[in-house]
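# Residue-level structure breakdown
Residue-level listing of the chains:
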Amino acid sequence: MAKEVLSRENIKLNVPLSGKEEAIRYTGEILVRQGYVDAGYIDKMFEREEMASTYMGNFLAIPHGTEDAKKNVFETGICVVTVPDGIDFGDGNLAKIFIGIAGKGNEHLEILSNIAIVCSEEENIDKILNARSEEEILDLFSEVG
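Below or above, wherever it landed, is the structure these notes cover. Small disclaimer: the values here were computed from a predicted structure and weren't measured.

## Overview of helix H1 (residues 20-33)
- The first and last C-alpha atoms of H1 sit 20 Å apart over 14 residues, in line with the 20 Å expected at 1.5 Å per residue.
- As for H1, its buried residues are in contact with strand S1 (11-12), helix H2 (40-51), strand S4 (77-88) and strand S5 (94-102).
- One or two residues past the end of H1 sits Gly35, with phi positive at roughly 85 degrees.

Structure representation (structure tokens):
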């Protein structure tokens with residue numbers, strides 16, 4: 001049986017993280033702990049960040065691995081981490097929501113599309129940032145996956 005793309009255990013609310021590197025590592029470690037990827041995937045997330053920022057606007061960053069990180073992915077999955085104080089992603093960009101993605105094959109493209117739909121609306125960004133339970137996040141992202 002395939003794992004859920006997003007489960008309660010993949011959601012961490014109001015995490016006090018202090019920097020971009022810590023935020024990317026924390027996001028990656030959730031994916032590792034939940035069995036979506038191997039530990040090498042985190043290095044690929046940092047490689048990807050060096051190529052181009054994964055900051056998407058609207059307080060959102062989507063850390064993920066490089067194209068060649070597919071060999072590190074066991075199952076498609078995402079995690080959601082909120083950081084109320086935000087993390088400086090450079091150029092005045094503040095990320096408060098981190099959605100880590102690991103995609104098997106091309107499944108990440110559909111997931112990215114669904115995340116973009118949810119996170120393009122400011123109202124949904126507010127709901128994510130103000131969520132008091134993992135269930136609120138699960139409800140919002142029920143379309144993802």
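The rest of the description comes next.
## Remarks on the side chain of Thr54
- Of note, Thr54 is situated in the loop between H2 and strand S2 (55-57).
- Among the polar contacts listed, one links the side chain of Thr54 to the side chain of Glu49, at a separation of 2.5 Å.
- Among residues more than four places away in sequence, those in contact with Thr54 are Arg48, Glu49, Leu60, Ala61, Ile62, Pro63, His64 and Phe89.

## Notes on the sheet that holds S5
- Across the sheet, five strands lie side by side as S1-S4-S5-S3-S2; this open sheet has mixed pairing. Single-partner strands in this sheet number two, and they are S1 and S2.
- One ladder, built from eight bridges, connects S4 with S5; its direction is antiparallel. In the strand pairing of S5, Ile78 is matched with Ile101.
- On top of the sheet, H1 reaches S1, S4 and S5; it is set at about 160 degrees to S4, its chief contact.

## Structural notes on the nonpolar core
- Counting residues in hydrophobic clusters, the biggest one holds 24 residues, and the most contacted among them are Tyr41 and Phe98.
- Of all elements in the fold, only H1, H2, S4 and S5 reach the threshold of two or more residues within this core.
- Setting aside its immediate chain neighbours within four residues, Phe98 contacts Ala23, Thr27, Ala61, Pro63, Cys79, Val80, Val81, Val83, Ile87 and Phe89.
- Ile11, Ile99, Ile128 and Ile137 belong to the second largest nonpolar core, which has 21 residues in total.

## Re the pairing of S5
- Most of S5 sits out of view: eight of its nine residues are buried.
- Both strand S3 (residues 60-61) and S5 contribute to a ladder of two bridges, which runs parallel. Note on S5: the bridge partner recorded for Leu60 is Ile97.
- Hairpin connection from S4 to S5: five residues lie between these consecutive antiparallel strands, with Gly90 at a positive phi of about 85 degrees.

## What to know about the environment of Ile62
- Inspection of the secondary structure assignment puts Ile62 in the loop between S3 and S4.
- Considering only alpha carbons, one finds Ile62 and Gly28, 34 residues apart in sequence, at a separation of 11 Å.
- In contact with Ile62, not counting residues within four places along its chain, are Thr54, Met56, Ile99, Ile101, Leu112 and Ile115.

## Here's the deal with the pattern of salt bridges
- Following the criterion strictly, the structure yields six salt bridges and no others.
- Among the salt bridges present, the one from Glu134 reaches Arg8, with a minimum N-O distance of 3.4 Å. Note that Glu134 is positioned in helix H5 (residues 134-140) and Arg8 in the segment before S1, a separation of 126 residues in sequence.
- Glu49 is paired through a salt bridge with Lys20; the nearest N and O atoms lie 3.6 Å apart. Pair noted here: Glu49 is in helix H2 and Lys20 is in helix H1, with a separation of 29 residues, a long-range link.
- When its relative accessible area of 29% is taken as the criterion, Lys20 is described as partly exposed.
- When salt bridges with common partners are traced through the structure, they connect Arg8, Glu134 and Glu135 into a single cluster.

Rules of the game
Residues numbered from 1 in each chain as written. Predicted model: local features only at pLDDT ≥ 70, side-chain atom pairs only at ≥ 80, totals over all residues. Heavy atoms only, no water. Helix = DSSP H or I, 4+ residues; strand = E, 2+ residues; numbered from the N terminus. Expected span 1.5 Å × (residues − 1). Contact = heavy atoms within 4.5 Å. Polar contact = N/O pair within 3.5 Å; in protein donor to acceptor, adjacent residues only side chain to side chain. Pairing = 2+ DSSP bridges. Axes fitted to C-alpha atoms, helices over the stretch in contact; angles between N-to-C directions. Core = buried A, V, L, I, M, F, W, Y, C linked by side-chain atoms within 4.5 Å. Buried < 20%, exposed > 50% of the residue type's maximum accessible area, 1.4 Å probe, protein only. Salt bridge = Lys/Arg side-chain N within 4 Å of Asp/Glu carboxyl O.

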